[in-house]
Amino acid sequence: ISTKVDPGGRASLTALLSFATDKKATVTVRVEGDIPVERSFTYPNRYHEIPVLGLYPGKDNQVHLTITTENNKVYEGDLTITTQPLSDILPTVEITKIDRSQMEPGFHLVDMLIANNGKFLAHTIIFDDNGDIRWVMDMSENGQITYTSYRLQNGNWLYLNWIDLIEVNDI
């Protein structure tokens, strides 16, 4: 299995797993931790490019992979994906109160613009109920205000700066 951390250069808490199977198979990937993140890819393929989301920053992340062939033979294994610590410009998230009756289930998204000597460093962060940042999209390469992200039906993200609409995927 080939593993590339932050394959797009914008989302440091992601990785891309690339591998082939002898027979068509489906794949489930789970990032272990206090709040595991699991994602299934249910379309059978022989050639797989599996995005891994929800890695913890600055850690050796344990990732569990389940591969199920079309004849229901199951292969399981674990791998370690090491991530770098987050940039110092990103905040530390502190959870003081969670009221589930006032929230949707799942993780929490915040768009941030950080002013920096006449430029704007735009970041979208997603954190879990423990306050651990589990995904970051760094759009600061534009050097200008990049407006709030919008999730498209195809799963990609849409950003708008002064001039361009920018569509990017999770990794």
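Above this note sits the structure.
Just so it is clear, the model here is predicted, and its values are computed rather than measured.

A.B. asks: What's the story with the overall build of the chain in this structure? I'm lost.
C.D. replies: In terms of helices and strands, the chain carries 0 helices and 11 strands. Going from the N terminus to the C terminus, the chain shows its helices and strands as β-β-β-β-β-β-β-β-β-β-β. When its C-alpha atoms are laid out on the principal axes, the chain stretches across 55 × 40 × 30 Å. For the chain, buried positions account for 39% of its 171 residues. The contacts in the chain between residues at least 6 apart in sequence include a share of 47% that link residues at least 24 apart. Of the charged side chains in the chain, 14 are positive and 23 negative, and the gap between their average positions amounts to 6 Å.

A.B. asks: Whenever I open this one, the sheet that holds strand S11 (residues 165-168) confuses me. Can you help?
C.D. replies: In any sheet, the strands associate via hydrogen bonds between backbone groups, in a parallel or an antiparallel arrangement. If you walk across this open sheet you meet the 3 strands as S9-S10-S11, and the pairing is antiparallel. Both outer strands of the open sheet, strand S9 (147-151) and S11, are each paired with one neighbouring strand and no more. The average undirected angle you get between the axes of adjacent strands in this sheet is 25°. Here strand S10 (residues 157-160) pairs with S11 via 4 bridges, running antiparallel. Considered in S11, the bridge of Leu158 is made with Glu167.

A.B. asks: Even after reading the chapter, I still don't get the pattern of salt bridges, so can you show me in this structure?
C.D. replies: Working definition: two side chains of opposite charge can pair if their charged atoms are close together. Scanning the model with the defined rule gives 5 salt bridges in all. In this structure, Arg30 and Glu32 form a salt bridge, with 2.7 Å as the shortest nitrogen-oxygen distance. On the basis of relative accessible area, Glu32 is assigned to the partly exposed category, the value being 27%. Arg30 is the salt-bridge partner of Glu38, the closest N and O atoms lying 3.5 Å from each other. Residues joined in a network through salt bridges with shared partners are Arg30, Glu32 and Glu38.

A.B. asks: Even after reading the chapter, I still don't get the packing of aromatic side chains, so can you show me in this structure?
C.D. replies: Pairs of aromatic rings are described using the distance from one ring centre to the other and the angle between the two planes. Considering all chains together, one arrives at 1 aromatic pair under this definition. With centroids separated by 5.2 Å and ring planes inclined at 25°, the aromatic side chains of Trp135 and Trp157 adopt a geometry described as stacked. With Trp135 in strand S8 (residues 133-138) and Trp157 in strand S10, the pair connects residues that are 22 residues apart, well separated along the chain. For the residue pair Trp135 and Trp157, the accessibility class agrees, reading buried in each case. Of note, Arg134 hangs over the ring of Tyr56, and the distance from its end group to the ring centre comes to 3.8 Å.

Reading the values: rules and limits
Each chain has its residues counted from 1, following the order in which its sequence is written. Local features in this predicted model are restricted to residues of pLDDT 70 or higher, and side-chain atom pairs are both shown and tallied only at a pLDDT of 80 or more, whereas totals for entire chains, interfaces and linings draw on every residue. Excluding hydrogens and water, the side-chain figures rest on all heavy atoms present in the structure. For helices the rule is a DSSP run of H or I covering at least 4 residues; for strands it is a run of E covering at least 2, with both sets numbered from the N terminus onward. Between buried and exposed lies partly exposed: a residue is buried under 20% and exposed over 50% of the maximum accessible area for its type, with that area taken using a 1.4 Å probe on protein chains only. The criterion used for residue contact is that any of the two residues' heavy atoms lie within 4.5 Å. Asp and Glu are treated as the negative residues and Lys and Arg as the positive ones, with His and the ends of the chain left uncounted. For charged residues, the charge sits on one atom: NZ in Lys, CZ in Arg, CG in Asp, CD in Glu. Paired strands, in this sense, are two strands between which DSSP finds at least two bridges. Where helices are involved, their axes are fitted lines through C-alpha atoms of the stretch in contact, as for all axes, and angles between N-to-C directions lie from 0 to 180°. In the sections that follow, a salt bridge refers to a side-chain nitrogen of Lys or Arg positioned within 4 Å of a carboxyl oxygen of Asp or Glu. The pairing test for Phe, Tyr and Trp rings, Trp by its six-membered ring, is centres within 6.5 Å, and the orientation test on the planes gives stacked under 30 degrees, edge-to-face over 60, and tilted for anything in between. Distance and angle both matter: a charge sits over a ring if NZ of Lys or CZ of Arg is within 6 Å of the ring centre and within 35 degrees of the ring normal.

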